[in-house]
Amino acid sequence: MSLRLPSEIVVQDVLPTLRVLLARELSAHDLTQQEVATHLGVTQAAVSTYVNGDPDLEPRIADHPRTAETVEQVAGGLADGEMDGYDALAAVLELVRAFEDRGPVCELHEEAMPELRGLGCDLCVRGANPELRREREVLDSVREASRVLATTPGVVDYVPNVGTNVGTALPGGEAVSDVAAVPGRIYVMDGSVEVPANPEFGASKHVATTILAATAVDPDRRGALNLATDDALLDAARARGLDLLEFEAGYDDRGDRLRERFESRGAVPDVLYHRGAFGIEPITYVLAGTGADAARLAAELVADAEE
């Protein structure tokens, strides 16, 4: 019996092929070989071999349509600055996980360990923790929402002085620690929307309070973000036929008060806003299924308001 771990297959067959394909795609985006080397964590000489040489590629990895999709996504994101190393790693890990779930990694593993053939082996995915998967999905939702806000023209004009945040709650979430958001909030710097950190659970009290009040009444409403209250934005929401609700700005027992309002009207609004109070800036919340859904809706409202 030749004992081979699936991770060996990934290291020896998958990653070398991905590095070559990424190097070539990044070079096609007019990055220098040194810039490509920095992104991939290899030497400039290695990049030269990848691009100009004839390195061995594992065809079942190189020719797979998901490989091409991921390579284009990661190379384009890194070249345009829309992805950082964390985002690129997440995309590559997602591809590897897909290949480990009855994909080409399984085929290569069965060739390396013939004893596995015909067993329907699922060691790579068996016993996956559903709770950890849900947490990852929630964090991914907030990361996607952050990218939408940072790359949508016009959003910068609706970021309040206190900053913007976006959150998504775990299914059945009941506490602030069950809501993922951006630590330190999203802010404006030099005319651009800046996202200071990757999302964490328990990172935002105010957005989390709103989300928890909503999901307590409607479990499908687990995402929200805040923007500055603006009449053009509210008019855009009304023009789309969205459900709007105005509420008092005070912080005291806000979660309880919002939950009571939602329960009394029998529905959670799409847009929730207040006009401010002494020491409290006017704020509008966009609510949706997830933080990413809320960000996409907010981007559409901003575009409508800017017309």
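Residues numbered from 1 in each chain as written. Predicted model: local features only at pLDDT ≥ 70, side-chain atom pairs only at ≥ 80, totals over all residues. Heavy atoms only, no water.

- Taking an unreviewed UniProt entry as the reference, the protein is identified by name as Transcriptional regulator belonging to Haloarcula nitratireducens.

1. What about the overall build of the protein?
- Counting its secondary structure elements, the protein contains 12 helices and nine strands.
- Counting only C-alpha atoms and orienting by the principal axes, one finds that the protein spans roughly 70 × 45 × 30 Å.
- Counting over 307 residues, the protein shows a buried share of 44%.
- Long-range contacts, defined here as pairs at least 24 residues apart, represent 67% of the contacts in the protein between residues at least 6 apart.
- For the protein, the exposed area adds up to about 15,400 Å²; of that, 47% sits on carbon and sulfur atoms.
- In the protein, the 27 positive side-chain charges and the 54 negative ones have mean positions that sit 5 Å from each other. (Helix = DSSP H or I, 4+ residues; strand = E, 2+ residues; numbered from the N terminus. Buried < 20%, exposed > 50% of the residue type's maximum accessible area, 1.4 Å probe, protein only. Contact = heavy atoms within 4.5 Å. Areas by Shrake-Rupley, 256 points an atom, 1.4 Å probe, with all protein chains shown as cover. Lys, Arg positive; Asp, Glu negative; His and termini not counted. Charge placed at Lys NZ, Arg CZ, Asp CG, Glu CD.)

2. Let's talk about the UniProt feature "domain: Thiamine-phosphate synthase ThiN" (unreviewed entry) in the protein
- UniProt annotation of "domain: Thiamine-phosphate synthase ThiN" (unreviewed entry) refers to residues 141-297 when read in the numbering used here.
- Its end C-alpha atoms 14 Å apart, residues 141-297 is made of 33% helix and 21% strand. (UniProt positions renumbered as here; feature names shortened; annotations may be inferred.)

3. A closer look at the pairing of strand β6 (residues 223-228)
- With six of six residues buried, β6 is to be regarded as a mostly interior element.
- When strand β1 (residues 166-169) meets β6, the two strands line up antiparallel, connected through three bridges. The partner of threonine 168 across the bridge, within β6, is glycine 223.
- Summarising the sheet, β6 and strand β9 (residues 283-288) pair through six bridges and their orientation is antiparallel. The partner of glycine 223 across the bridge, within β9, is alanine 288. (Pairing = 2+ DSSP bridges.)

4. Considerations on the side chain of threonine 164
- Residue placement: threonine 164 occurs in the loop between α8 (130-151) and β1.
- Looking at threonine 164, its side chain comes within polar contact range of the main-chain oxygen of asparagine 226, at 3.1 Å. (Polar contact = N/O pair within 3.5 Å; in protein donor to acceptor, adjacent residues only side chain to side chain.)

5. A look at helix α1 (residues 6-28)
- Its 23 residues place the ends of α1 32 Å apart at the C-alpha level, agreeing with the 33 Å of an ideal helix rising 1.5 Å per residue.
- When the local axis directions of α1 are compared, the greatest deviation, roughly 35°, occurs at valine 14, which is followed within four positions by the proline proline 16.
- Burial in α1 covers these residues: Pro6, Ile9, Val10, Val14, Thr17, Leu18, Val20, Leu21, Leu22, Ala23 and Leu26.
- Immediately beyond the C-terminal end of α1, within one or two residues, lies aspartate 30, with a positive phi of roughly 70°. (Expected span 1.5 Å × (residues − 1). Bend = angle between axes of the 7 residues up to and from the residue.)

6. Comments concerning the sheet that holds strand β8 (residues 271-273)
- With respect to topology, seven strands assemble into an open sheet ordered β5-β2-β1-β6-β9-β8-β7, the strand pairing being mixed. Edge strands, defined here as strands with exactly one partner in the open sheet, are β5 (200-201) and β7 (244-246).
- Each of β6, β7, β8 and β9 touches helix α10 (residues 231-239); the most contacted strand, β8, lies at about 150° to it.
- Most of the contacts of helix α11 (residues 254-265) go to β7, to which it runs at about 135°, and overall it touches β7, β8 and β9. (Axes fitted to C-alpha atoms, helices over the stretch in contact; angles between N-to-C directions.)

7. Some points on the environment of serine 204
- Relative to the elements of secondary structure, serine 204 occurs in the loop between β5 and α9 (205-217).
- The spacing of serine 204 and proline 183 is 21 residues in sequence and 6.9 Å in space, taken between C-alpha atoms.
- Serine 204 has contacts with Asn165, Val176 and Ala181, leaving out every residue within four places of it along the chain.

8. Some remarks on the nonpolar core
- If you look at the biggest cluster of nonpolar residues, it comprises 34 residues, and the most contacted ones within it are Leu149, Val166, Leu225, Leu233, Val286 and Leu301.
- The set of elements that each furnish at least two residues to this core consists of α8, β6, α10, β8, β9 and α12 (291-306).
- In terms of residue count, α12 provides more of this core than any other element does, eight residues in total.
- Apart from the residues lying within four places of it in its own chain, the contact partners of valine 286 are Gly223, Ala224, Leu225, Asp270, Ala294, Leu297, Ala298 and Leu301.
- Core analysis: the second largest hydrophobic core is formed by 31 residues, Leu18, Ala37, Val71 and Leu95 among them. (Core = buried A, V, L, I, M, F, W, Y, C linked by side-chain atoms within 4.5 Å.)

9. A closer look at the environment of glutamate 25
- By the secondary structure assignment, glutamate 25 is in helix α1.
- Each C-alpha atom, one on glutamate 25 and one on valine 71, is 7.2 Å from the other, the two residues being 46 residues apart in sequence.
- If near-sequence neighbours (up to four positions away) are discounted, glutamate 25 is found in contact with Val71, Glu72 and Ala75.

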